Amino acid sequence: MQLLSVILCSLLFSFASGMRCSSSMPVIRQAYPESSCIVRPFNEIPGLWKNGVVNLYNFWKLDGFKNLHRIMLQNFNTYGPIYREKIGYYESVNIIKPEDAAILFKAEGHYPKRLKVEAWTSYRDYRNRKYGVLLKNGEDWRSNRVILNKEVISLKMLENFVPLLDEVGQDFVARVHKKIHRSGQNKWTTDLSQELFKYALESVSSVLYGERLGLMLDYIDPEAQRFIDCITLMFKTTSPMLYIPPALLRNIGAKVWRDHVEAWDGIFNQADRCIQNIYRQLRQETGESKEYPGVLASLLLLDKLSIEDIKASVTELMAGGVDTTSITLLWTLYELARHPNLQEELRAEVAAARAESQGDMLDMLKRIPLVKGALKETLRLHPVAVSLQRYIAEDIIIQNYHIPAGTLVQLGLYAMGRDPKVFFRPEQYQPSRWLRTETQYFKSLGFGFGPRQCLGRRIAETEMQIFLIHMLENFRIEKQRNVEVQSTFELILLPDKPIILTLKPLHVSQ
Ligand code: HC9
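Residues numbered from 1 in each chain as written. Predicted model: local features only at pLDDT ≥ 70, side-chain atom pairs only at ≥ 80, totals over all residues.

(A) Region of the structure containing the sheet that holds strand β3 (residues 188–191). Strand order in this open sheet of three strands is β3-β11-β8, and the pairing throughout is antiparallel. Strand pairing shows two members of the sheet lacking a second neighbour, β3 and β8 (475–479), which therefore form its edges. Between one strand axis and the next, the sheet turns through 30° on average, direction left out of account. Pairing of β3 with strand β11 (residues 500–505), which is carried by four bridges, proceeds in the antiparallel orientation. Looking across to β11, one finds that threonine 190 is bridged to leucine 501. (Pairing = 2+ DSSP bridges. Helix = DSSP H or I, 4+ residues; strand = E, 2+ residues; numbered from the N terminus. Axes fitted to C-alpha atoms, helices over the stretch in contact; angles between N-to-C directions.)

Given below as structure tokens:
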């Protein structure tokens with residue numbers, strides 16, 4: 001409480017000077033001449049944006065740090081499909097409609113920029129570490145991103161990634177069978193989150209480094225476990241710093257800043273170890289090997305980015321690939337446990353795909369539209385990111401309001417996913433809704449959009465699809481009755497309580 005008042009006072013002094021985007025008279029673009037008479041100025045957008053400090057206090061009283069997604073939803077209910085807001089030093093215009101998302105992304109310019117997460121840039125500056133593509137902007141971002149795209153997100157790479165990811169998927173299944181066997185009850189009831197963290201880290205590492213960390217074994221490297229814990233802590237400590245400047249927290253020696261630094265230190269130390277290891281091996285290696293060596297070695301051999309740039313982006317991919325995919329898989333298993341008939345339908349699709357592709361995994365992945373729909377459906381109801389944002393590069397008009405270039409505009413992804421005007425019966429988990437192509441226009445945005453979308457997308461999607469294939473082929477997923485789980489915001493959305501699931505083997509013991 002005392003800390004909060006210190007912060008509020010300092011904020012009052014440092015930010016009383018007002019808004020970041022000064023709104024001069026609206027400059028209406030030539031493209032909208034006939035509507036210019038009804039376009040309303042920026043200052044008339046409804047919402048609470050006049051006093052960031054008061055709003056921060058109210059936000060804090062509502063436990064907003066944890067409830068951001070629910071507060072956004074409520075704001076759309078109060079103000080309609082567009083509202084303006086300022087909390088602490090965080091100022092934005094919020095939108096919810098797919099057609100408005102289309103306008104937003106058309107105005108993102110050549111160098112799309114999302115909200116600057118100052119906690120992350122402050123840490124890099126503080127420790128003198130390079131930004132990777134996650135944090136870079138402008139031409140530096142573009143030139144790095146173009147090279148990384150070819151090695152990380154291009155469809156061509158799937159043939160390299162799939163065998164690596166399939167092996168991890170098979171090992172996960174073997175591990176679950178072992179746990180079931182050990183339980184002596186022919187089933188395993190547990191909170192799978194720790195297991196899924198390990199699965200996700202093992203998967204992303206095998207793609208990045210072409211090597212296994214060994215996390216599917218009984219004894220695991222304590223450093224790898226520490227890495228996992230550091231990522232969770234890093235996300236958790238980021239959210240308050242969205243509203244309160246990290247420089248301020250650092251000056252007053254706040255615990256949240258110290259924890260944040262400790263978390264990133266742990267992440268970078270582990271990633272540095274993995275990277276050094278591959279680097280050393282590459283230098284000792286003689287002759288060409290034909291096998292795919294992983295993203296990191298490919299980038300080093302390609303020799304188009306500096307080693308420091310490669311290290312920064314590879315670390316980001318490694319850190320960004322753990323909680324995000326594992327939580328999405330956990331939600332998916334939870335939904336499958338709640339919908340046994342759907343689970344059977346998916347299982348039938350997977351069995352048919354297996355037969356038709358004669359077990360060739362790359363081919364199989366092209367034959368599972370409903371499984372892919374399930375993942376989209378999970379990201380609709382339980383998105384990792386509550387919102388997508390861009391600082392717009394040009395003036396736009398949304399919902400008849402003029403929004404000047406440079407403004408931070410956010411699409412409320414969580415709110416959109418639950419809006420009955422956008423999705424028919426939004427409360428229902430229905431993967432088949434994604435099989436109809438006409439309904440998809442700017443609605444499936446779980447990985448973002450355009451050139452700034454998630455770089456890890458292809459790895460994440462493939463890793464999750466392969467996981468579901470193996471799980472559906474081997475286990476029936478059940479849950480305890482009557483436990484409703486909701487989301488809580490810790491920079492990414494997480495389940496607010498442990499999800500306890502029961503896995504039962506489909507076939508008599510192996
Ligand atoms: C969180 O209001 C809510 O894989 C804020 C706006 C915001 C900005 C940046 C977003 C963040 C939200 C959610 C988490 C995101 C992040 C950008 C990248 C991160 C989407 C919506 C992903 C989960 C990345 C994390 C990478 C890692 C190395 C930290």
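Having seen it, we continue.
(B) The UniProt feature "binding site: heme" (unreviewed entry) in the chain, seen in detail. In this structure's numbering, the residues bearing the UniProt feature "binding site: heme" (unreviewed entry) are Cys454. With residues near it in sequence (within four places) discarded, cysteine 454 still touches Phe447 and Gly448. (UniProt positions renumbered as here; feature names shortened; annotations may be inferred. Contact = placed C-beta atoms within 7 Å.)

(C) Here's a closer look at the environment of proline 451. Note that proline 451 resides in the loop between α18 (413–417) and α19 (457–474). When the 14 C-beta atoms within 10 Å are taken as the criterion, proline 451 is described as partly exposed. Expressed as a C-alpha distance, the spacing of proline 451 and arginine 145, which sit 306 residues apart in the sequence, is 8.4 Å. Beyond its immediate chain neighbours, meaning those up to four positions away, proline 451 contacts Pro112 and Arg145. (Buried ≥ 20, exposed ≤ 12 C-beta atoms within 10 Å, placed from the backbone.)

(D) Representation of helix α11 (residues 255–284). The end-to-end C-alpha distance of α11 is 44 Å, a good match for the 44 Å that 30 residues give at a rise of 1.5 Å each. On its buried face, α11 is in contact with α5 (118–127), α8 (193–209), α9 (222–238), α10 (246–251), α12 (295–302) and α13 (307–320). (Expected span 1.5 Å × (residues − 1).)

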